Amino acid sequence: MGRPRAFDEDEAVRAAVGLFGGRAYDGVSVDDLVSHLGVHRNSLYKTFGSKRGLYLTALRRHLADDVGPLLDALAGASDAAAALRLVTSADLGLLLLAAIERAPVDDEVASEVTAALAAVDRAIADALGVPADLAAALTAAALGILVRGNPDNAATALTRHLGSLT
């Protein structure tokens, strides 16, 4: 009979979201996970199977805990400026890193990222009553603003030039 789990899986996954969201998959070693999560190496492998298993669990948690509430908030967006503000103020670090680093080389990550971005597009399209391609362009612009930095000024400039898209 094995010993009872000596760590809180939920806390470990939450901490992994922060670690992967700040340093990306390739920037986090198993030793980093063990030391930052307070999980023994054997427990990590027994619970998650691998570093990738923990990464996928963390990505899915991020999508549920951070992207899910964004989708709910977007439902109340009254115009493009509000939608951009919501997206650029959300914690989407792990989603962005997953899209850039892991999705091109991992089909399962690509599927999760594609579904999450499509959900954001749909939420914007539904809230603003705009075509899907325009909603996708707004999502892409918002994510680009996040990658580039200075989201408040860039989003303000963009919405000033776009005018009202309601």
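The shown structure was predicted, so the numbers you read here are calculated from the model rather than taken from an experiment.

Visitor: When you look at the side chain of Lys51 in this model, what are you seeing that I'm missing?
Guide: Mapped onto the elements, Lys51 comes out in helix 4 (residues 51-74). Despite being buried, Lys51 has no salt bridge partner; Asp26 is the closest side chain of opposite charge, sitting 5.1 Å away. A polar contact of 2.9 Å, which involves the side chain of Lys51, links it to the backbone oxygen of Tyr25. If near-sequence neighbours (up to four positions away) are discounted, Lys51 is found in contact with Phe20, Tyr25, Asp26, Val28, Ser29, Val30, Leu33 and Tyr45.

Visitor: It is not clear to me how the packing of aromatic side chains should be interpreted in this structure. Could you clarify?
Guide: Enumeration according to the criterion identifies three aromatic pairs in this entry. On the basis of an interplanar angle of 15° and a centroid distance of 6.1 Å, the ring pair of Phe20 and Tyr25 is categorised as stacked. The exposure class assigned to Tyr25 is buried, which follows from its relative accessible area of 12%. Judged by centre distance (5.0 Å) and plane angle (80°), the ring pair of Tyr25 and Tyr55 falls under edge-to-face. Highlighted residues: Tyr25 in the loop between helix 1 (9-23) and helix 2 (30-37) and Tyr55 in helix 4, separated in sequence by 30 residues. Of the two residues, Tyr25 and Tyr55, both sit in the buried class.

Visitor: Would you mind going over empty space enclosed by the protein with me for this structure?
Guide: The method is simple in principle: a probe with the dimensions of a water molecule rolls over the atoms, and the space it marks as empty is what remains. Per the stated rule, a full pass over the model turns up one cavity of 30 Å³ or more. Taken together, Val67, Leu70, Val87, Leu92, Leu95, Leu117, Val120, Thr139 and Leu143 make up the lining of the largest cavity. Along the lines of polarity and charge, the residues of the lining of the largest cavity split into eight nonpolar, one polar and no charged.

Visitor: Looking at this structure, how should I read the pattern of salt bridges?
Guide: Oppositely charged side chains are able to pair whenever their charged atoms sit close together. The full count for this structure, using the stated rule, is ten salt bridges. Residues Asp26 and Arg102 are paired through a salt bridge, measuring 3.9 Å at the closest nitrogen-oxygen approach. Here Arg102 lies in helix 6 (residues 93-102) and Asp26 lies in the loop between helix 1 and helix 2, a separation of 76 residues in the sequence. Accessibility expressed as a relative area gives 56% for Asp26, which makes it exposed. Residue classification places Arg102 among the buried residues on the basis of a relative accessible area of 12%.

Visitor: Looking at this structure, how should I read the environment of Ala127?
Guide: Within the fold, Ala127 resides in helix 7 (residues 107-128). Owing to a relative accessible area of 24%, Ala127 belongs among the partly exposed residues under this scheme. When the C-alpha positions of Ala127 and Thr88 are compared, they lie 17 Å apart, and in sequence the two are 39 residues distant. With residues up to four places along the chain from it excluded, the contact list for Ala127 reads Leu74, Ala75 and Ala77.

Visitor: It is not clear to me how the side chain of Thr139 should be interpreted in this structure. Could you clarify?
Guide: When you line up the elements, Thr139 lands in helix 8 (residues 132-148). On the basis of relative accessible area, Thr139 is assigned to the buried category, the value being 3%. A polar contact of 2.7 Å, which involves the side chain of Thr139, links it to the side chain of Asp121. Once residues within four sequence positions are removed from consideration, Thr139 is found in contact with Val120, Asp121 and Ile124.

Visitor: Would you mind going over unusual backbone geometry with me for this structure?
Guide: Non-glycine residue Ala24 carries a positive phi angle of around 75°. Residue position: Ala24 is located in the loop between helix 1 and helix 2.

Cut-offs and rules
- Residues numbered from 1 in each chain as written.
- Predicted model: local features only at pLDDT ≥ 70, side-chain atom pairs only at ≥ 80, totals over all residues.
- Heavy atoms only, no water.
- Helix = DSSP H or I, 4+ residues; strand = E, 2+ residues; numbered from the N terminus.
- Buried < 20%, exposed > 50% of the residue type's maximum accessible area, 1.4 Å probe, protein only.
- Lys, Arg positive; Asp, Glu negative; His and termini not counted.
- Salt bridge = Lys/Arg side-chain N within 4 Å of Asp/Glu carboxyl O.
- Polar contact = N/O pair within 3.5 Å; in protein donor to acceptor, adjacent residues only side chain to side chain.
- Contact = heavy atoms within 4.5 Å.
- Phe/Tyr/Trp six-rings, centres within 6.5 Å; stacked < 30°, edge-to-face > 60°.
- 1 Å grid on protein atoms, 1.4 Å probe; cavity = no way out; pocket = protein on both sides within 12 Å on 5 of 7 lines; lining within 4 Å.
- Points joined across faces, edges and corners; volume = space filled by probe spheres on them.
- Nonpolar A, V, L, I, M, F, W, Y, C, P; charged D, E, K, R; others polar.

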